[in-house]
Structure formats: C-alpha cells, structure tokens
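Structural features, examined
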Amino acid sequence: MKPIPVESIQKTLSNDPLGEAIYASTGRLMAKRAAAIPDHLREDFEQWREQANRIKRHTLENLDYYLELLEERLRARGGRLVYARDEAEVARFITRLAKEKGVRLVVKSKSMTTEEIHLNEWLEKEGIETVETDLGEYIIQLAGERPSHIVAPALHKTRYEIADLFREKLAVEREEEPERQTLIARRVLREKFLSAGLGVTGANFVVAESGAIVVIENEGNARLCSSAPPVHIAVAGIEKLVPRAQDVAVFLKLLGRSATGQPLTVYTSFLSGPRRDGEIDGPQEFYLVLLDGGRTKILGEPSRRESLYCIRCGACLNHCPVYRKIGGHNYPWVYSGPIGAIITPQFHGMEKDWWLPFASSLCGACGEVCPVKIDIPRLLLELRVEAVREKIRSGEARLEHLAFRLWAWVMTHPRAYEAAGLFNLVLRDDETGWKGQVPGPFRTGPLKEWLRFRNLPAPPAKKFRDLWAARQQREALKE
Amino acid sequence: MPGDDVRDEILAKIRAATGRPSGGPPPQPPKPLLTVPEVPLEERIEQFSAALEKLSGKAHVAESAEAARALVEELITGRSAIASNSPLLREYGITSLTGVFTGYTDAAELKEACASADVGITGADYALADTGSLVTLSAPGEARLISLLLPVHIALVPKQRLLTGLDELFTLLPDPAAQTSSMVIITGPSRTADIEQILVKGVHGPRMVHAILV
C-alpha cells in the first residue's frame, strides 16, 4: 500500500504563513456558521437536518425511479438528460457538442463535479479555451493549482501572491487591494461571458419532479454562465437528486448557513430547460450530464451509502482539527477534510488512500456539524477496519498484527502484565523523573516510524493494582 | 456521444445496488417540511428592510405608483437605465422616465445596451421578508440579464407579494418549473470573499440592490 505523504504534510506544518491562513480562515467560517444558528433557531435547525437526511435516504434508495422521472420531466421542458459512466464520457460529450457548435470559448462556474473529472484539461486538450469564472477558481486556474477548500478554493492564497499573479498573467499593474483585484477580474471575465458559446455549471440539487436544477452562488458568475451563452450544460453526480421542488427549501436553509453562515446565498437559481417561447434571453439549448464515476459502487454498500448524502458545504473541513492544520492540498483528491477522508478511499480504492481515515482525531465534530447528518466518525472507523484488514491480507501488517497479539496476550495474563511493568524502570530519568522517549536502541525497524511522533505517557504515581490491593485490605479490616 | 446503452447500464447498476431489480414506484417520500408563520404586513416590511440593509442593499416603501415613480427618478438621476418589459413598470410609469431605455426584444441588443448603462430596473414576482430576498421569474417581459449585468439593480414589487420566507414561496409555487424556465432568488448585492475572506461587493453582478415595495 502507498506510504503516507509525510514529507508534504510536514512542509505545510512548518510553513507558518500558510498554516496561519488556513487556520484563521476556517476559524472565521466556524464563527459565521455558529452566528447563523442562534439559540432560538437550534431546534428548527435540528429538524431540518433530520428532514434533509430522510429525503436523501429516500431518494437514493429509489434513485432509479427518480432518474427516470427526471428524464421525462426534463424532456418535457425541452432539455436533455445525458448519462456518463466516467470522466472521459462527460468530456467527450461536451467536446463533441462544442465542436459541433463551433464553440472556441467555454465559461465555467465553480463545480466540484467538474473538478473531480478535470474537465478543463480535457477541453484544453481539444483546443477549447475554458475559463473558470468564480473569483477563487479563476485565481487558482491562473496559478495552475487545484482548490484547497470546497467552498473557498483560494483560501490558501494571500492577496500579495494574487497581486503578483495578476500582474504576471493579466499584464496589469500590481494591485494589493482585494476590492481592486476583484474589479480587474470582473473586467476580464465580463468579456469572456459575453463572447462564450457555451456555459458550464454544476448543480447543487437536481429536482426530479420539476426536471430542474438548483444552483447557488454569491458572485453571479453561475447566473451568467447559465444565461448569457446560447448553450448551457450542467454537470452533476447522480446522487444530487431530490424528489420535489418543495424539498429544496429545507436544503437551502441548511446549506448557506453551514457553508458561510448565510441564511441564503446571494443567488439561488431554479432552472428548468432552455428559454421558453417569447423569452428574450437565456440559453437556447440545455443539457444535464449526470455522472456515475464510482457512485453506483458506493450506493451498493448500504452501510456506506450515506457518504453520498453530502451537499458540499465544507462545514466538516472547517471544524476538523486535522484539516485546519494540514489544509486541503495534502489530501490526495479534490474532496478534502473529513468528507474527503471517507469518500476518497471509496472512490479510488483502499490500496492508494488507505491512510485517509486515520487522518482524524475522531473528535466527532464533523458528524456534529454535518447538515445532512452523515455519520462521518462511524464511517471513518469502518474504513479503518477495512484498511487494516487489507494490510493484514497483503501481509504488510504482519509485524503490527503480531505485536498486537502479543499485547493482547500480555493484557490478559496478570503475571506477564506485572513483568512488562518493569520496562518502566528503563524509562525513569533521575532528573526529570520520566524520559518519555523510548531509548535509542529500542527505536529501530518498524518501531522507529511508530515512535517518531509519539511519546510514552508517564505512569501514575501509584499503580492501580496497588490501590486495588490496599482497598481490598481495608475492606477486609472493616469486616 | 453516450447513448441509451450507457443510460440503461447505469440504471441497471443502480437497481442492483439498491435492491430494486424491477423498478416501480417508490414508497411515499417524507412529507415536505414547510412552515408558514402568520406575520403582519408591517412586521414583514420591517424584517425585509432590516435583512436587506444588513446585506448593504436598500429597501424603500412607496405608498403609490406615483411615489414609486418619483423614487426611481431620484435614484437614477444623472444615470442611464435599462428597464425590463414588465407590464408592472409601464403601469407605474417607470418606462417613460428620462434616461430609461426599454423595449429590447433581441438578446444581443440587450447585452450591448446593458454593457454601457448604469442601472437595471425590473419587477420582482415576490419578496421574502426573513432573508431580504427578491424572487424573479423570467418571462417574455422579464429578461434575466437586466437584474445581473448592470452595476445597480432596482426592483419593484407590490407590497402584498412580500412573503414571510422560503417556505411560503414553495407553498405558493410547489413547482416553479410549471411557471418559468428560471426562478432566481436574489439576496442582496453580488459579493465574494474569495481573497483573504475580505468581503467585496459587485463581483459579476450588481454592487447595489434597491428594492421598492409598492
């Protein structure tokens, strides 16, 4: 199995400005979420979470039905539903359509699903210019990086880095004020919106009964992508469905508050098909591409199906003590934090990403804040079990397995346990009382890695066994 | 192009994964959770104004069509404006104000006009009190881009269309797709916090939103 990327994680941990940027931003997002759920709303909020969980469960349990309903309703509105098994099929569909229409420029709004499938690279390879239009995504695209947070993709970048980036890539004066930087991006991107032949967006929700998608955002770029170009393509995972429009209300109330502490984001677009008769603007053609990309596999594991409930709010990232220290780029896939730790190994297999479920203190914060009540801590444990089984099967964990069997034997044999206690003598230190670090000679082989970041806790002044014996004696005297 | 075989394969996989080999209708989905509180109009107006102003938009109340017209006139003084073809705006006399251009029926012309004007004036179908939102349904008289491309957006909405919130909207419109190809809920001016989480308004959409309750 692949080794843990310790070096890269260490690099982040020793980079103070980066560490500070991640820690401060996630801290602010936590505070905003807390402020958006005041005490008088807490009971309602819990009800919404319950309801959202029930709707997601029901929809996924009957997904085939809702997909067929969606297809029929969308067709009735003049749109088309396209299925794709994998990223190549999404890319092939979009490039073919773009070429058919003679499209040279595609404008895109932020979408995790298209990040997942590296859509931009596919389109660029075919010679189709693809521009990200969400400000954070645009910055990341110019820098040639990948997003480090589901909701705030450029969270790891400072305004000074952005000033250099804009000067270099856009040939503008160096500008350090975020307000002016935003204006520069607005100007450049406005041109793109108005000349693009195709707009690509994601979809936060897909409403089966309405044949509609729901897209939420703050900037207005998704509205532009979906209404300025003559063709609009939305790309989403098959798990994004909800049965009815009325179900959307509860999700909207949860999503904005959980993500950025907003009761509602600035724009919520409920779109069904292309423009209708008599309308002046809006796309003339509308396609919805639904991606499997490994989702049906997870759907088939009832104990893990809830991994697909995720509405990508990022709250679990912001509240995770591990994410807040190592940031998004140390996670191997576009989904980071606790949700990334549970879905990445399920999508990509244990072999590659087995260590992710271990990148957690199991504090449970992720599960507590999840707006759709995914039991992330339970899934982390379940995946840990699988990772260890896999290691034992591959023979990789033979020594570890042996060590734990030995440990178990010692723990169940009092005399052996007593004798093992003598090892404490080696660790006693005349000056400090306790060394904590296991002496050099013992730190070899596999133990070396294991002890690299671990100290041994000092033993208590009195042993439990002695206390127990003394107590027994006292009881005996009383009688 | 992925075709019906891909569709059938994915649906078959889903049916196998969920143990529904023969498909068929599902059990009843959970009942929608929609609560519509009773809130008097005066209070709704207060809520709406407070919520929109918190987002640095501005709510105005006009007691008559004439008052609304005067208000718009004042707001657009010295600026050029594009008004949608909404019958409501004509009725209020907005479209005949100096500096207001209207009557666009071609998307390309509209885009070009929007590129050089300062203010977009539209009607709104509803407003939501608790979040300070405007709800617009695109229609032949109501283009999508007028509320989006210009630096300032002014929306007029009849007072009795001020709803309590999202739940009332979805109770009134159980399926928005039945009415329109595009329903947009606008909650304050366009904004971003993508650079160091510093709030900047007017990224791609308007940096100022005026809502006039008539």
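What you are looking at is a predicted structure, and each value in this text was computed from that prediction instead of being measured. (Residues numbered from 1 in each chain as written. Chains lettered and ligands numbered in written order. Predicted model: local features only at pLDDT ≥ 70, side-chain atom pairs only at ≥ 80, totals over all residues.)

Notes on the sheet that holds strand S8 (residues 162-163) of chain B
How we decide: Pairing between strands requires that DSSP locate at least two bridges from one strand to the other. Under the scheme used here, helices are H or I runs from DSSP no shorter than 4 residues and strands are E runs no shorter than 2 residues, and both carry numbers assigned from the N terminus.
The strand order S8(A)-S5(A)-S6(A)-S9(A)-S9(B)-S6(B)-S5(B)-S8(B) describes an open sheet built from eight strands, whose pairing is mixed. Every other strand in the sheet has two partners, leaving strand S8 (241-242) of chain A together with S8 of chain B as the edge strands with one partner each. Relative to S8(A), strand S5 (residues 205-207) of chain A runs parallel, the two sharing two bridges. Paired with A:Val206 across the strands is A:Leu241, a residue of S8(A).

Remarks on the interface of chain A and chain B
For clarity, the threshold we go by: The contact rule is simple: place each C-beta atom from the backbone, and if two of them lie within 7 Å, those residues are in contact. Asp, Glu, Lys and Arg are counted as charged, while Ala, Val, Leu, Ile, Met, Phe, Trp, Tyr, Cys and Pro are counted as nonpolar; the rest, among them Gly, fall into the polar class.
With 79 residues of chain A at the contact, the number on the chain B side is 62 residues. Across the side of chain A that touches chain B, the residue classes tally to 32 nonpolar, 25 polar and 22 charged.

What about the sheet that holds strand S10 (residues 285-291) of chain A?
Residues and elements named next belong to chain A. Spelled out, the test is: To obtain each axis, a line is fitted to C-alpha atoms, and for helices this fit is confined to the stretch in contact; angles are then taken between N-to-C directions over 0 to 180 degrees.
Pairing in this open sheet of six strands is parallel, and the strands run S1-S10-S7-S4-S2-S3 from one edge to the other. In this open sheet, the two edge strands, each paired with only one partner strand, are strand S1 (80-84) and strand S3 (129-132). Each strand of the sheet is rotated relative to its neighbour by a mean of 25 degrees, with strand direction disregarded. Summarising the sheet, strand S2 (residues 105-108) and S3 pair through four bridges and their orientation is parallel. Opposite Val106, over in S3, you have Thr130 as the bridge partner.

Quick word on helix H12 (residues 245-260) of chain A
All names here are of chain A. Note the cut-off: One less than the residue count of a helix, multiplied by 1.5 Å, gives the span that helix is expected to have. Note on bend: at a given residue it equals the angle between the axes fitted to the 7 residues ending there and to the 7 starting there. Any residue with 12 or fewer other C-beta atoms within 10 Å of its own C-beta is exposed, any with 20 or more is buried, and the rest are partly exposed; the C-beta atoms used are placed from the backbone.
With 16 residues, H12 ought to run about 22 Å at 1.5 Å a step, and its terminal C-alpha atoms sit 23 Å apart, in line with that. Of all bends in H12, the biggest is about 30 degrees, found at Phe251. Counted residue by residue, H12 has 16 buried out of 16 residues, so it is predominantly covered. At the exit of H12 stands Gly261, carrying a positive phi of roughly 75 degrees.

Regarding unusual backbone geometry
Trans peptide bonds make up the majority, and among non-glycine residues the majority have a negative phi. We note that A:Ala171 has phi near 55 degrees; this positive angle belongs to a residue other than glycine. Here A:Ala171 is to be found in the loop between helix H9 (159-170) and helix H10 (178-195). Since 7 C-beta atoms lie within 10 Å of it, A:Ala171 is described here as exposed. One non-glycine residue, B:Glu196, lies in the positive phi region at around 50 degrees.

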